[in-house]
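Architecture and fold: a report
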Amino acid sequence: MPEIIETPIFYRIGNNLSVDFVNTRIADNGKPKDLLTKFADFTAWAAAMDLLEKEAAKQLQADWQESREIEQIFAQILEFRETLYLMIEGVLKGQTVKPTAITAINGVLQNKIGFVEVTSSEAGFVKRFRADFSEPRQLLAPIAESAADLLCYGNPAYLKKCESDLCVLHFYDTTKNHSRRWCSMAGCGNRAKAAAFYRRQQKNLKNKDSD
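Residues numbered from 1 in each chain as written. Predicted model: local features only at pLDDT ≥ 70, side-chain atom pairs only at ≥ 80, totals over all residues. Heavy atoms only, no water.

Moving on, we get to unusual backbone geometry. With a phi close to 65°, aspartate 50 is a non-glycine residue in the positive phi region. For aspartate 50, the location among the structural elements is in the loop between helix 2 (39-48) and helix 3 (54-64). Owing to a relative accessible area of 56%, aspartate 50 belongs among the exposed residues under this scheme. (Helix = DSSP H or I, 4+ residues; strand = E, 2+ residues; numbered from the N terminus. Buried < 20%, exposed > 50% of the residue type's maximum accessible area, 1.4 Å probe, protein only.)

Quick look at the structure:
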């Protein structure tokens, strides 16, 4: 059975699953980099996002890696990601969401498979939907649902791109004042602060030399 690659490279900073899915295309030192180059990467991402338990992700990979359909399925997964990317970029530019994006989202939702079950908890009983992820494309369903939530309940003004010129990551700003600027303060935020500090230091040195 193949092993899921353990990696810290997947970003969970978007505050929306569909945004984090789009964020599997990043910039590495200013150069484009795709974190999903094969089906195993997608199952690893699904596990990292808690869509699947790691063992279930490994099993899904093992069941489908030799399938004749897997290349076509993986291409459809990437095509859906591209659709969501264009949708998000359009929203950022103030454009109307295109019907093709709505059709794609609805198409995935229409193929959602699973069942509702009742489970007991300390507080009583809980009704929940248990999704069937035995077919890889079904993993797109929760991504499509999060995209639908973004469109139906989100505020377009809170959907943002990291302000770093070297970063391509997006996020939905849930901060209190909606003033978030960076994908993360530990990454682009700190680099921006360091660059600003350096510019101030250089300016102060020039001012001293001119006195």
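Viewed as axis vectors pointing N to C, helix 4 (residues 70-92) and helix 5 (residues 99-110) meet at an angle of 135°, and their least axial separation amounts to 10 Å. Between helix 4 and helix 5, the angle is such that the two are oblique. Like other packed secondary-structure pairs, helix 4 and helix 5 cross with a definite hand, here left-handed. Contact residues: Phe80, Thr83, Leu84 and Met87 in helix 4; Thr100, Ala101, Ala104, Ile105 and Val108 in helix 5. In terms of residue class, the contact of helix 4 with helix 5 is built from seven nonpolar, two polar and no charged. (Axes fitted to C-alpha atoms, helices over the stretch in contact; angles between N-to-C directions. Parallel < 35°, antiparallel > 145°, perpendicular 65-115°, else oblique. Left-handed = near helix turned anticlockwise from the far one by under 90°. Contact = heavy atoms within 4.5 Å. Nonpolar A, V, L, I, M, F, W, Y, C, P; charged D, E, K, R; others polar.)

Below, the discussion takes up the pairing of strand 1 (residues 25-28). Across four bridges, strand 1 lies against strand 2 (residues 31-34) in antiparallel orientation. Among the inter-strand pairings, isoleucine 26 is bridged to a residue of strand 2, identified as lysine 33. The hairpin formed by strand 1 and strand 2 contains two residues between the paired strands, and asparagine 29 there has a positive phi angle of roughly 55°. (Pairing = 2+ DSSP bridges.)

The next point concerns the confidence of the model for the protein. Per-residue pLDDT for the protein averages 87, and the proportion of residues at 70 or more is 85%. This stretch, residues 1-7, has a pLDDT under 50; its non-local contacts, to residues over four places away or in other chains, come to 19 contacts. (pLDDT = per-residue confidence, 0-100.)

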